[in-house]
Amino acid sequence: MHPGERTAQAVFENFIDGRWSASSSGALFENRNPANHDDLIGVFQESTADDAVQAIAAAERAYTDWRLVPAPRRAEMLFRAAQLVADRKEQFARDMTREMGKVLEETRGDVQEAIDMTFFMAGEGRRMYGQTVPSELRDKFAMSVRQPLGVCGVITPWNFPMAIPSWKIVPALVCGNTVVFKPSSLTPLSAVNFVKVLAEAGVPPGVVNMVTGGPEVGTVLSRHDAVKVVSFTGSTAVGRLVNQNAAPAFKKVHLEMGGKNIVIVMDDAQLELAVDGCVWGGFGTTGQRCTAASRIVVHEKVHDEFLAEFSRRVKALRVGDGGIDGVQMGPSISESQLQTVMRYVEIGRKENARLVLGGHRLEEGAYARGWFHEPTIFADVQPSMRIAREEIFGPVVSVMRCRSLAEAIDIGNDVEYGLSASIYTRDINNAFAAMRDMYTGIFYVNAPTIGAEVHLPFGGTKATGNGHREAGIAALDVFSEWKSIYVDFSGRLQRAQIDTE
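Residues numbered from 1 in each chain as written. Predicted model: local features only at pLDDT ≥ 70, side-chain atom pairs only at ≥ 80, totals over all residues. Heavy atoms only, no water.

Structural notes on the pattern of salt bridges
Here is the rule we go by: Whenever a carboxyl oxygen of Asp or Glu lies within 4 Å of a side-chain nitrogen of Lys or Arg, that contact is scored as a salt bridge. Throughout this description, buried means an accessible area under 20% of the type-specific maximum (1.4 Å probe, protein chains only), exposed means over 50%, and partly exposed covers the range between. Helix and strand labels come from DSSP, where a helix needs a run of H or I of at least four residues and a strand needs a run of E of at least two; each type is numbered from the N terminus.
Counting across every chain of the model gives 26 salt bridges. Here glutamate 30 and arginine 32 are joined by a salt bridge, their closest N and O atoms 2.8 Å apart. Owing to a relative accessible area of 42%, glutamate 30 belongs among the partly exposed residues under this scheme. A relative accessible area of 14% places arginine 32 in the buried class. For the salt bridge of glutamate 309 with arginine 312, the shortest nitrogen-to-oxygen distance reads 2.6 Å. Here glutamate 309 and its partner arginine 312 are both found in helix α10 (residues 303–315), three residues apart, which amounts to about one turn of the helix. Taken together, the shared-partner salt bridges in this structure form one network comprising Asp17, Arg19 and Arg61.

Written out as structure tokens, the structure is:
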């Protein structure tokens, strides 16, 4: 037992068919605080393929009745769930900071995003609009409606452990699907909190099931014949495996994966505002966001002034336990992720980028029992360098120079990802040109690359995603299919495109 470890271990179970139950494996894994790994939050089920199959079977049984529950009635349960999360926001945020590390202000925002999404999607229970159109033939009615798909496999990451599950589970439910949910093993407590709320709000047994564990569970969710749609958020490498697993059965697959997002700072930018945005975009959530601003390209006329102020602001960031007042940046999620950050810092040095700030693990004093890294800035970065092209998922930002907007846009587009981009400028023509020419799923003007709102589509291009979108009404397209319906009340055979005279 580690020093200072709690002697009473909280044991959390899977949720299958409306009941909390242990894994058939009998194996457990620990959930520890990344700011203080002596702090054992609890132990969770290291589930097997058999557990996942059991959960899928429960979801398949529940689908028979759930799809027939009128969408407004399904929505009423989700409205109740949203209010329950709102009532418990502070506790859920504190649980999340403890298991994930980001500062309380951010975890409150994460929980608020789940509240917002659940309220928004519950509203779609009365607005799941189709189309009615005139037929080309007399005495014939034509319309389209949405229909659910069946069992949905939902696989979520650790960086937004309540927001992202809500983005997937809630639209799946309002459309009439049932769910088997595999949360990240690094943040299972927030998943438990969300599932408990859904059950308390009246979602029937088997409609939402949760199975914790490793890749074996995710593999079953992506391969099993009864699972009709898989929604995954995580790394591009794992997303590719999910897609390959699902391909033989022609499942619908929704993927949200990596990013290497850019902020363009033009010579007419309001520099103080640009610095504000780059500090928040680069180091919010310790850089552990798919939308993090890990690249900044600055016009050469203002480059030195921007870099000096940006460095000054980042150097002043207070790093520590996200649950402590005044801390502005928390730890990396794990030793493995911290090692990835350190490896990329070394890559940047070897590429002869100029290390302006940071570059080291923090491990003395209050940092000794956590996974902390200094906020780090590289300058004189070339667009061809690995630190400017590969996702690091940590507090490392690369600053580059440009001579024109066209050059900045070329730099921005010349990576394999295409999630989010931003421009700081007071020239409306430049703003609209960049808005048009950056090939990303999200674009910001005079704002950082992070900060999605739940009523607009969220997702990316290229290696970031596979064309689907979360949030907004676009999410309904992931979790439903269109059915076109024709009703002929002429009493005789009418042949479309033939009997049109």
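Quick word on the side chain of threonine 449
The cut-off we apply is this: Polar contacts here mean pairs of N or O atoms no more than 3.5 Å apart (in protein, one a potential hydrogen donor and the other a potential acceptor; neighbouring residues in sequence count only if both atoms are side-chain atoms). Any pair of residues with heavy atoms lying within 4.5 Å of one another is described as a contacting pair.
Relative to the helices and strands, threonine 449 resides in the loop between β21 (442–445) and β22 (461–462). The class for threonine 449 is buried, based on a relative accessible area of 0%. Within the local environment of threonine 449, its side chain forms a polar contact with the backbone oxygen of threonine 291, the two atoms lying 2.6 Å apart. Once residues lying within four places of it in the same chain are set aside, the contact partners of threonine 449 are Asn261, Ile262, Val263, Thr291, Ala292, Ala293, Ser420, Ala421, Ser422 and Tyr444.

Side note on α10
Rules: Any helix carries an expected span of 1.5 Å times its number of residues minus one. Working note: the arc is built from the helix axis to C-beta atom directions.
Look at α10: 18 Å from first C-alpha to last across 13 residues, which is about the 18 Å you get at 1.5 Å a residue. Listed as buried for α10 are His303, Phe306, Leu307, Phe310, Ser311 and Val314. Looking down the long axis of α10, one finds its buried residues gathered within 125° of arc, a one-sided arrangement. Exposed residues lying more than 90 degrees from the buried face of α10 are Asp304, Glu305 and Ala308. Lining the buried residues of α10 we find β12 (262–265), α9 (271–283), β13 (295–299), β14 (354–357), β17 (376–379) and β18 (396–402).

Note that all results are geometric; they support no functional claim without further evidence.
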